[in-house]
Amino acid sequence: MIFNIQRFSTHDGQGIRTMIFFKGCPLHCLWCCNPESQSFGYSLMYDRSLCKNFRDCLLPGGKGITSGTTGINIEPSEIQHPEKFRNVCASRALTVSGEEKSVDDILTEIEKDMPFYLESEGGITLSGGEPLSQGAELKTLLMEIKRRNINISIETSLHVPWGMIIRCLDFTDTFLVDLKHTDNGKFKSYTGGKADLVLTNIQKLALRHKNVIIRVPVIPDFNHSEQEMKKIIDFTVSLKTVREIHLLPFHTLGTLKYNMLGMEYTYKGKRKVDNCELTGYKEYAEQMGLIAKTGG
Amino acid sequence: MLQKIKTGEVSERISILREKVLTTKPSICTERARFYTQAYSENEDQPVIIKRALALEKTLKGMTIFIDDGELIVGNQSSQHRAAPIFPEYAVDWLPEEMNELDKRPGDAFFLTDQHKEDLVDIAAWWKGKVLYDKGRALMSQELRDIQDASIIKATGNLTSGDAHIAVDFYKILATGLNGYLDEISHHHRKVKLFEQEGIRKDHFYKALTISIKSFQAFILRYQVLSIALSKTIKDPVRSEELITISNNCKVIAEQPPENFYQALQLVYFVQLILQIESNGHSVSLGRMDQYLYPFYKEDILKGKITNEFVAELLENTWIKLLSINKIRPWSHTRFSAGGPLYQNVTIGGQTVDGLDAVNELSFLILQSVGRMKLTQPNLSVRFHKNISDKFLNECIRIIEKGFGMPAFNNDEIVIPELIKLGVEKEDAYNYSAIGCIEIAVPGKWGYRCTGMSFLNMMRVLLASMYDGLDKYSGKTFHKGLGNFVDFNSYDDLFRAWQQQIKFYAQKTIEIDTVIDTAIEEYVPDILCSAFVDSCISRGKTIKEGGSKYDFVSGLQVGIANLGNSLAAIKKLVFEENKITKEQLIHAIESDFEGREDEKIRYMLLNFAPKYGNDDDYVDILLRDAYLEFIKELDNYHTTRYNRGPIGCKYYAGTSSISANVPNGSVVPATPDGRKAFTPVAEGSSPSSGTDVLGPTAVFKSVAKLPTDKIMGGVLLNQKLSPAAISSDSDKRKLISILRTFFTDLKGWHVQYNIVSRETLLAAKKDPENYRDLIVRVAGYCAFFTSLSPDTQDDIIARTEQTL
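Residues numbered from 1 in each chain as written. Chains lettered and ligands numbered in written order. Predicted model: local features only at pLDDT ≥ 70, side-chain atom pairs only at ≥ 80, totals over all residues.

So, about the overall build of chain B. Within chain B, the regular secondary structure consists of 34 helices and 22 strands. Relative to its length of 804 residues, chain B is compact, with a C-alpha radius of gyration of 26 Å against a globular reference of 28 Å. Seen along its three principal axes, the alpha-carbon backbone of chain B occupies a region of about 85 × 65 × 55 Å. Looking at the 804 residues of chain B, the share that counts as buried comes to 59%. Put simply, of all contacts in chain B between residues at least 6 apart along the chain, 79% involve residues at least 24 apart. (Helix = DSSP H or I, 4+ residues; strand = E, 2+ residues; numbered from the N terminus. Rg over C-alpha atoms; globule rule 2.2 N^0.38 Å. Buried ≥ 20, exposed ≤ 12 C-beta atoms within 10 Å, placed from the backbone. Contact = placed C-beta atoms within 7 Å.)

Here's what the structure looks like:
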C-alpha cells in the first residue's frame, strides 16, 4: 500500500526523482512528520478548515462520524472501514490516505518521468513509512524498475528482519539509512523500536553494499546533544565503508497532519531546529573523515 | 526596491539614462498626428500610398529631435521620452472620449496636458469617418460586428493599430546601406510598364518607397547636424568628442553601409525607431541580433577598435532607448496587453544553418547587458537547441534568477523541422527568430502577424455548444447547434456539438481577419517596412499585397486549459460515473455555483475530475482532440495574399494570448471546470491557476501532448518559481536538466519563468511606490508589475508557484 507518489523530487538523492511513499512503519517516532505513514491500513484524514458541511460523509453510515454545527466530528478509532470514504467528500476536507497499487500501477507512474531521470541522472526513491516492510511485491517492483535501467534509492530505518533487507541488495543503488540513536533505552521510548536491531543491520549492510548513506534526524530532547551525536557519528565512522552522513534538522511541518488524523503529537509546539545549529556536528563528522551535509 | 542595478555594475551615464526613462511618466505627443493630418489634407488627390509617404516625410523632417546628455545611441520617437505618438489614421475617436480618464486607468495610465487634449479634439474632428477602424467596421457584415460586440471574437486591436509583428532584414540593411535600397528601387522602378494598370500601381509604390527612404536619410542627417552643433557648445572635451563620433556615424549610415560595430548598432536602432513612427503596430522585433551584428563586432575587436566594456555600454544604451518608445492603446485593447508593452524582441542563440551552435561572445554580451538593465524592453528570447552549451544555459539561468522574467526559451528542435515541413527553405528555417512575445518568423522574409490576428474565446464556444448554439451571455444564437446539453446522451453528443460550433467560429475568425487585412491593405499601407522585407521591392508590392517571401499567420485561442478541464469533468462525472446529472451541472453553472448544492457540484468538478497540467492522459487527450477540431478547420482557409506571391498564405493555431486571459475571462459565465463566472481563464497553454499539483515535469508532459507542431503561433507556457527554488548550483543544474528534457525529448515549444516570491508580489501590490521596477512575466512578455491593473496582478499572484 502506498500513500503518495511525488514526482519531481529534487532533494532526496541525485538528479530528478520520483518518490514512492509506502504506508506502514514498524516504528512510531514521536517526532514523525508523516504520521499517516505509520499505520499499515487506510487512514482517514479530516481537515476541518476545508469542510463546507456538504455532509456526504454521513451517507456511508457506520460509527465514528457525526455532524455538528461547525463541521463534522470524527472518532477515528471507531471507524471500521475508512476506505469507503474515498472520494466521498467533494471539498476534500475528508480524505483517505493509502491506496492499494499493483506493481504495474506504480511502474506506470514511474515511467512518466523517464526522460527526466535520464537527462538528470535521477531515478526512483522508495520511502515511507518503511518500504522494506512491504510484502513480496517489493522485490518484483525493484526488479522491474531495474530492468528499465532506472536508478533506485531506498530510504529506510532498517528496523526490519535482515531477510527483508537482503532481498533488495542486488537492485538498490543507494541505501539512505536512518540512524536515530545508538542507545537502546532512548530509542525504545521515542520510537517504540530496538536500536540493536538497527545497528546490527547497518553493520551487516555496510559490509555487503558499497553505497550506504547515513541520515540522522536531529531531534530536540532526543539526540540533539553533543554527546549523543558524537556516538552516532562515531558509530558511522566505525562502519568504515560508509563515507557520507546527512544531518536533517527537526521541523514541525507535520503538525497539521496529526490534527487531521486525530492523533496526539508529542512534539507539538516544539521549536524547529535550524540548520546552523548543526554546524558543530557537521564539523565533527568532517574531522572524522566523513562527507557531511545538513538540511533536508 | 527602485534602482536595483548595483553601483559599479554599469557606468554612471547608463545609470542616469536608465533612471531618467524609468521615472518619466508616460504621456503622448501630438506632433506626428499633426504632421500626418496636414499631409493628408494637403494631398487629398493623391493615392493613399503617396499620401502616406509624404506624411512620413513631413513628420521625419519636422518633428522635434533631441540628444540626451551622455547618450551614445541617438534617435527619438517623439518629442519626449515615453510620450506615445498618435496615429490618427488607424483610430482616433477613442482619444477624445477616453482622454480625461487616461490618468485614472487602473493600469497603463497616461498623463496628458491641456494642450494635448485640445490637439486631440482638433485632430479627431478632421479624421471623422476617414480612419481605418470605421472603414474596417463598415466592411464587416452585421453578423461579424455582432460576434465581436458579443466578445466571442476580439480583433479591435487589429483595426485601432497597425500590423507589425515583424522583423526586417537587418543582414541586408547592414550590407547595402540605405543608398543600396535607393539603387534597387530605381532599378525596378525603371522597368515598370506604365501602359498596364498594374504598372501604375507599382509606379506609385516605387515613388512612395523613394520618398520614404529619402526622408529616413534626412532624419538621420538631422542628428548629424544636431550632434555637431551640440559638440561645439559643450565644454566637456570628452563628451564633445563623443558627439563628433555620433555625427560621423550618422553621416555614414544615412547613405552607406556601416563601417563598424557602433555604426551598425546605431543604424539598427534607427530602423527599429522609424518602423514605429511609420506604423502603430507593435512587436516590431530586432531578430537575431547576435548573428547579424557579430561580423562587425569581431572585426572591431580583432583590430582593437572596441572593448567589450564599450560594446556592453552601447547595448545598454540601446535597451534604454527601446524602453523610451511608447504606444497608447484604447482601454479595450489595453486590457489585452497589460503593462503597455511594445514587445520589441531580441533573439539570441540557436544554430547556424549547418546545425552548429550559433552562440558567440556577442550572445553573452547581449544576455548580460539585458540582465544588468532589468527593463521590460527588449523582450529577450533564447533559441534552445540540443547542442547548446551548459555554459550558456547557466548564464541564462543566472539572468532568469534576477527575477525580471527573461530570457524566454524557444525550441529549435520543433520549430525548424516544422517550418521546413510548411515549405520554408532550410536556410531560412535555421534563421528564424522570435517575434514579439514568443511567436516566430524568418526575419525579413515573413509577412505581418505571425500571430496576433483574432482572439477566439474558446469557452464561449463550448458553452454555445451546450445550449444549442445559443450564446447565453449576449442572448444571441449565431449558429444553431445540435441540441441542449440536457438532451445529450453521451460525451460523443457533446463533442459533436463542439465540432459543429468550433468549425463555425473558426470560419468567423478568418472572415474577420480577411476584412481587416483588406482594409489595412487599402487604407494604411506601410512603405518603409515593405522596403526592408524580401521580395517586396522586386515584386513591386507592399507586404499586405503579397510582397513577402513567406506568409503564415495565426490568431489566438484563449482558455485552452479550461476547455480540457471542462470536457474531462463532464465526461467523467456526468457521463461515466453519473456523479452529477446533466440538469445539476446546468443549474450549477447558471447559478454560478451559489447555494450549497451548486457549490458542492463546483467542488466535485474541481476535485473529482482530472486537470490539465498533471500529465494525465484522460484530460490531456480530450483537450488535444478538441483543439484539433479547430486546427483542422483552419486548413480550409487562406490569407488575402494567397496566389499573389508568398509561399504559404496559411493559418495555424496560436496560444500566445498576452494578457487576454483576464478580459476574456471577464465575459465568460461559470464553466464546467468549476471556474466561477467572469474570473480569468487560463493563460496561454499554461494550466489553470492552482490546478497543476504534480510539479513542473508533469506540466511539461501535459503541454507537450498538445499538437504543438500545428500551433506554430506559439505554445506559451509560464512557470513561476520562488527565488529559493533556483538559488543553489544544484538547483540550477536541475532546472537546466528539465529544460533539456522538455525541449530535446518532449519537443516542447516554449517556456519562460517568473522568479518572484508570492510575498514580494503581495507587497508590491500594497506598496507600488517602492516596487516600481519590479518586473514580472505577464505572458509572452514582461511588464512592470505596478503598471498592471489589480485584476491582472491578482491573476499573476494566483498562478502556481512551483518549487524545485
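Helix and strand content of chain A: nine helices and 12 strands. A compact globule built from 296 residues should have a C-alpha radius of gyration of about 19 Å, and chain A, at 20 Å, falls within 12% of that. Projected onto its principal axes, the C-alpha positions of chain A cover 60 × 45 × 35 Å. Across the 296 residues of chain A, 43% fall into the buried class. Of the contacts made within chain A by residues no fewer than 6 positions apart, 69% connect residues no fewer than 24 positions apart.

Further remarks concern the sheet that holds strand β12 (residues 291–294) of chain A. Residues and elements named next belong to chain A. Read across the sheet, eight strands follow the order β1-β2-β7-β8-β9-β10-β11-β12 without closing on themselves; strand pairing throughout is mixed. Either end of the sheet is taken by a strand with one partner, and the two such strands are β1 (2–9) and β12. Adjacent strand axes in the sheet meet at a mean angle of 20 degrees, parallel and antiparallel pairs treated alike. Bridge analysis of strand β11 (residues 244–249) against β12 gives four bridges, and the strand direction is parallel. The partner of His246 across the bridge, within β12, is Lys293. (Pairing = 2+ DSSP bridges. Axes fitted to C-alpha atoms, helices over the stretch in contact; angles between N-to-C directions.)

This part covers the pairing of strand β9 (residues 408–411) of chain B. Residues and elements named next belong to chain B. On β9, burial covers both faces: Ala408 and Asn410 on one face and Phe409 and Asn411 on the other are all buried. Strand direction decides the pairing type here: strand β8 (residues 379–384) and β9, joined by four bridges, are parallel. Paired with Ser381 across the two strands is Ala408, which belongs to β9. Taking the sense of rotation as the criterion, the β-α-β connection linking β8, helix α18 (residues 390–400) and β9 turns out right-handed. Relative to strand β19 (residues 750–755), β9 is paired through two bridges, and the arrangement is antiparallel. Across the sheet, the residue bridging to Phe409 is Val751, located in β19. (Right-handed = clockwise from strand over helix to strand, strands pointing away.)

Along its sequence, chain A is carved into domain 1 (2–39 + 99–294) and domain 2 (48–97). Centre-to-centre separation of domain 1 of chain A and domain 2 of chain A, based on C-alpha positions: 32 Å. (Domains from an automatic or database assignment.)

This next bit is on helix α27 (residues 582–590) of chain B. Residues and elements named next belong to chain B. Residues of α27 that are buried: Leu585, Ala588 and Ile589. When α27 is viewed along its axis, its buried side chains cluster within an angular range of 90 degrees and face the same direction. Where α27 is buried, its residues touch α26 (560–576) and α28 (596–607). Just downstream of α27 lies Asp592, where phi reads positive at about 55 degrees. (Arc of directions from axis to C-beta.)

Here we take up the sheet that holds strand β3 (residues 153–154) of chain B. All names here are of chain B. Here we have three strands laid out as an open sheet, ordered β3-β12-β16, and mixed in their pairing. The sheet terminates laterally at β3 and β16 (556–558), the two strands that pair on one side only. As paired strands, strand β12 (residues 455–457) and β16 are joined by three bridges and run parallel to one another. Of the residues in β16, the one forming a bridge with Phe455 is Leu556. Packed onto the sheet, helix α21 (residues 458–466) meets β12 and β16 and runs at close to 40 degrees relative to β12.

A word on the interface of chain A and chain B. Between chain A and chain B, the contact holds 16 residues from the first and 21 residues from the second. Going through the elements one at a time, β1 and α2 (114–120) of chain A are the ones with two or more residues in the side of chain A that touches chain B. Per-element accounting of the side of chain A that touches chain B gives the leading share, four residues, to α2 of chain A. Partitioning the side of chain A that touches chain B into residue classes produces six nonpolar, four polar and six charged. (Nonpolar A, V, L, I, M, F, W, Y, C, P; charged D, E, K, R; others polar.)

Residue and element names in this part refer to chain B. Two elements in contact, α18 and helix α32 (residues 729–745), have axes whose closest approach is 10 Å; the angle formed by their N-to-C orientations is 110 degrees. By the criterion of interaxial angle, the relationship of α18 to α32 is roughly perpendicular. The way α18 lies across α32 gives a crossing that is right-handed. Packed against α18, whose contacting residues are Asp390, Leu393, Asn394 and Ile397, the element α32 presents Lys732, Leu735 and Ile736 at the interface. Across the contact of α18 with α32, the residue classes break down as four nonpolar, one polar and two charged. (Parallel < 35°, antiparallel > 145°, perpendicular 65-115°, else oblique. Left-handed = near helix turned anticlockwise from the far one by under 90°.)

The nonpolar side chains of soluble globular proteins are, as a tendency, buried together. Counting residues in hydrophobic clusters, the biggest one holds 326 residues, and the most contacted among them are Leu132, Ile166, Val271, Leu293, Ile366, Ala441 and Ala531 of chain B. Residue contributions to this core reach at least three from each of two domains, namely domain 1 (2–39 + 99–294) and domain 2 (48–97) of chain A. When residues no more than four places from it in sequence are discounted, the contact partners of Ala441 of chain B are Ile166, Ala167, Tyr432, Ile435, Trp446 and Cys450 of chain B. (Core = buried A, V, L, I, M, F, W, Y, C linked by C-beta atoms within 7 Å.)

Here the bond from Gln377 of chain B into Pro378 of chain B is cis, since omega is -5 degrees, no more than 30 degrees from zero. Relative to the assigned elements, Pro378 of chain B resides in the loop between α17 (361–373) and β8. Cis geometry marks the peptide bond from Met406 of chain B to Pro407 of chain B, where omega comes out at -5 degrees. By the element assignment, Pro407 of chain B lies in the loop between α18 and β9. Even without being a glycine, Lys240 of chain A presents a positive backbone phi close to 70 degrees. With respect to the helices, strands and loops of the structure, Lys240 of chain A is situated in the loop between α7 (226–238) and β11. The class for Lys240 of chain A is exposed, based on 9 C-beta atoms found within 10 Å. Unlike most non-glycine residues, His165 of chain B shows phi in positive territory, near 50 degrees. Of note, His165 of chain B is situated in the loop between α8 (156–160) and β4 (166–167).

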